[in-house]
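Reading the structure
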Amino acid sequence: MQVLGELSNIIIPAIIFYIVGYGLVSGVPVYEHFIKGAKDGLGTVVGLVPTLVGLLMAVGILRSSGFLEFLAELLKGAGEWIGIPQEVLPVILVKMVSNSAATGLVLDIFKNFGPDSHIGMLVSIMMSSTETIFYTMSVYFLAAKVTKTRYTLAGALFATFAGIAASVVLAGM
Amino acid sequence: MLNYLWAGMILIGVCYGAVTGNIAAVGNGALESAREAVSLCITMLGAVAFWVGLMEIAEKAGLIDKWKRGLMPLLRFLFPRLDMEGEAAGYIATNIIANILGLGWACTPAGLKAMEALEKVEKKRLGVEKLTRASKEMCTFLIVNISSLQLIPVNMIVYRTQYGSVEPTSIIAPAIVATTIGTVVGIAFAKAADMAYKD
């Protein structure tokens, strides 16, 4: 833990040092390029504002309606049958739309069961091996200005379920 | 697809809220989330400007080319049609490396630049002005991204420590295995779909 904590503290400064140092040694006008890139990045984010407002609003409506809890309740039987405890189902559903909301649920689980319990281990592994599908898809496809996403959603769900299944098996070991 | 997903979330949420008497919470949730989205963008402004600035230096100094060469076998396997000299390949390589290192805020800018570059590539390939349909490369790139590539789940380890875990890092090995399985399955799916679709 100590080593890992140190490592994650060092990694960002190290990358900054490496890139700027390497640029300077290569004779690149680093500051000018940084400013140019930063300006470019700002434009990208400004273009994202409407998408994020739209997306988070839809997520907010769905979450506050209590529908995800209802869905989790509905899927409880099926979930337990394949080894997913009922407390974990809402995490899976919420994680597809919002990482921060899923983290909130995980912290609740840590508080109630402890991070080293079976459920605690399961959600820890699961959170580490899955991504926020709808958020990533909306934001990335907006950048490419594409509306027909073809087999991306199917593939993303497939990969996510494989990750979840692996987490269930690994947490049980 | 996104149209239906988006509308579906809203319509289901409003109806379910109305039926269960949660309708006031739904209204608050909608407005609260819209506000949250703007504050998220403000946070993003700084982080994205910072990473894209660094990426620009890395690109001009030839660093991105270096990373790209390191990942070349993987890139060639995932994107057989893509021109490896183009900028898209470089941004994809940067995104994959940032993902593996767990640099959350650095992944998104590189990923967005990669998508913009892939859009240009596909437009040129099809000879069209406006693109509506995702290219195979975009689909593969997104699937690989969503399967999560992060090796060390730093955030989770921190939370586990905060909640008194005896062994917070015990999830590293299983997380790497689960992530790898998800990614391999995602790549297999993308490859299969790639073959199933003509274009």
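Computed from a prediction, not measured in an experiment: that's the story for all the values here.

Let us now look at the overall build of chain B. In terms of regular secondary structure, chain B is built from nine helices and zero strands. When its helices and strands are written in sequence order, chain B yields α-α-α-α-α-α-α-α-α. Counting over 199 residues, chain B shows a buried share of 49%. Taking all contacts inside chain B whose residues are at least 6 apart in sequence as the whole, residues at least 24 apart take part in 56%.

Time to look at the pattern of salt bridges. Residue and element names in this part refer to chain B. According to the stated counting rule, one finds 15 salt bridges over all chains in the structure shown. Across the pair Lys120 and Glu87 runs a salt bridge whose closest N-O atoms are separated by 3.1 Å. Here Lys120 is found in helix H6 (residues 104-126), whereas its partner Glu87 is found in helix H5 (residues 87-101), with 33 residues between them in sequence. By relative accessible area, which is 52% here, Lys120 ends up exposed. Put simply, Lys136 and Asp194 hold a salt bridge, and the shortest N to O gap is 3.0 Å. In this pair, Lys136 is assigned in helix H7 (residues 136-146) and Asp194 in helix H9 (residues 172-196), connecting sequence segments 58 residues apart.

So, about helix H2 (residues 23-60) of chain B. For an α-helix, the turn length of 3.6 residues means that residues three or four places apart are oriented alike. Residue and element names in this part refer to chain B. With 38 residues, H2 should cover 56 Å at 1.5 Å per step; its first-to-last C-alpha distance of 53 Å lies within 8% of that length. The largest bend in H2 amounts to roughly 30° and is located at Met44. Positive backbone phi, approximately 85°, marks Gly62, located one or two places after H2.

Counting residues at the interface gives 92 residues for chain A, matched by 101 residues for chain B. Here chain A packs against chain B, burying approximately 8400 Å² in sum over the two surfaces, 77% of which is carbon and sulfur. It is Tyr140, Arg150 and Tyr151 of chain A in chain A that bury the most area against chain B; as a group they hold 11% of the surface buried on that side. With a closest N to O distance of 2.5 Å, Lys113 of chain B and Asp40 of chain A form a salt bridge. Put simply, chain A and chain B have 17 residue pairs in polar contact (both at pLDDT 80 or more) between them. Residue assignment for the side of chain A that touches chain B shows that the elements contributing at least two residues are helix H1 (2-25), helix H2 (30-64), helix H3 (67-74), helix H6 (99-113), helix H7 (118-129), helix H8 (133-143) and helix H9 (152-171) of chain A. The leading source of residues in the side of chain A that touches chain B is H2 of chain A, at 26 residues. Residues belonging to the side of chain A that touches chain B are distributed by class as follows: 57 nonpolar, 27 polar and eight charged.

Attention now moves to the confidence of the model for chain B. Mean pLDDT for chain B: 91, with 99% of residues reaching 70 or above. Across chain B, helix H4 (residues 72-78) of chain B holds the top mean pLDDT of 96, while helix H8 (residues 154-162) of chain B sits lowest at 88.

Before going further, it helps to spend a moment on the layout of surface pockets. The calculated volume of the second largest pocket comes to roughly 440 Å³. Residue lining of the second largest pocket: 18 residues in total, with Thr51 and Ser138 of chain A together with Leu2, Asn3 and Trp6 of chain B positioned closest to the centre. When contributions to the lining of the second largest pocket are tallied by element, the ones reaching two or more residues are H2 and H8 of chain A together with helix H1 (2-20) of chain B. In terms of residues, the lining of the second largest pocket owes the most to one element, H1 of chain B, which gives six residues. Looking at the lining of the second largest pocket residue by residue, the classes come out as twelve nonpolar, five polar and one charged.

Glancing now at unusual backbone geometry. Note on backbone geometry: most residues besides glycine have negative phi, and most peptide bonds are trans. Residue and element names in this part refer to chain A. Phi at Lys145 is positive, roughly 55°, even though this residue is not glycine. Within the element layout of this structure, Lys145 appears in the loop between H8 and H9. Positive phi values are uncommon outside glycine, yet Arg150 reaches one of about 50°.

Our focus in this paragraph is the domain arrangement of chain A. Splitting chain A by domain gives domain 1 (1-47) and domain 2 (66-171). A straight line from the C-alpha centre of domain 1 of chain A to that of domain 2 of chain A covers 32 Å.

Let us now look at the side chain of Arg160 of chain B. Mapped onto the fold, Arg160 of chain B is located in helix H8. Filtering out sequence-adjacent residues up to four positions away, Arg160 of chain B remains in contact with Phe110, Pro115, Asp116, Gly120, Met121 and Ser124 of chain A together with Ser165, Glu167, Pro168, Ser170 and Ile171 of chain B.

Our next topic: the environment of Arg81 of chain B. Residue and element names in this part refer to chain B. With respect to the secondary-structure elements, Arg81 resides in the loop between H4 and H5. For the pair Arg81 and Asn22, spaced 59 residues apart in the sequence, the C-alpha separation amounts to 51 Å. Of the polar contacts made by the side chain of Arg81, one reaches the side chain of Glu137; its length is 3.0 Å.

All right, on to empty space enclosed by the protein then. Residue and element names in this part refer to chain A. A full pass over the atoms with the stated rule returns one cavity of 30 Å³ or more. Each pocket or cavity is described by its volume, and for the largest cavity that value is around 70 Å³. Looking at the lining of the largest cavity, the elements that each hand over two or more residues are helix H5 (88-97), H7 and H9. In terms of residue count, the dominant contributor to the lining of the largest cavity is H5 (four residues). Class assignment for the residues of the lining of the largest cavity results in seven nonpolar, two polar and two charged.

Residue and element names in this part refer to chain A. Direction vectors running N to C along H2 and H8 enclose 150°, while the axes themselves pass 10 Å from each other. Relative to H8, the element H2 lies roughly antiparallel. As for how H2 packs across H8, the hand of that crossing is right-handed. Taken together, the residues of H8 that come into contact with H2 (itself represented by Gly47, Leu48, Thr51, Leu52 and Leu55) are Phe134, Tyr135, Ser138, Val139 and Leu142. Tallied by class, the residues present in the contact of H2 with H8 amount to seven nonpolar, three polar and no charged.

The rules behind these values
- Residues numbered from 1 in each chain as written.
- Chains lettered and ligands numbered in written order.
- Predicted model: local features only at pLDDT ≥ 70, side-chain atom pairs only at ≥ 80, totals over all residues.
- Heavy atoms only, no water.
- Helix = DSSP H or I, 4+ residues; strand = E, 2+ residues; numbered from the N terminus.
- Buried < 20%, exposed > 50% of the residue type's maximum accessible area, 1.4 Å probe, protein only.
- Contact = heavy atoms within 4.5 Å.
- Salt bridge = Lys/Arg side-chain N within 4 Å of Asp/Glu carboxyl O.
- Expected span 1.5 Å × (residues − 1).
- Bend = angle between axes of the 7 residues up to and from the residue.
- Buried area = accessible area lost by both parts, 1.4 Å probe.
- Polar contact = N/O pair within 3.5 Å; in protein donor to acceptor, adjacent residues only side chain to side chain.
- Nonpolar A, V, L, I, M, F, W, Y, C, P; charged D, E, K, R; others polar.
- pLDDT = per-residue confidence, 0-100.
- 1 Å grid on protein atoms, 1.4 Å probe; cavity = no way out; pocket = protein on both sides within 12 Å on 5 of 7 lines; lining within 4 Å.
- Points joined across faces, edges and corners; volume = space filled by probe spheres on them.
- Domains from an automatic or database assignment.
- Axes fitted to C-alpha atoms, helices over the stretch in contact; angles between N-to-C directions.
- Parallel < 35°, antiparallel > 145°, perpendicular 65-115°, else oblique.
- Left-handed = near helix turned anticlockwise from the far one by under 90°.

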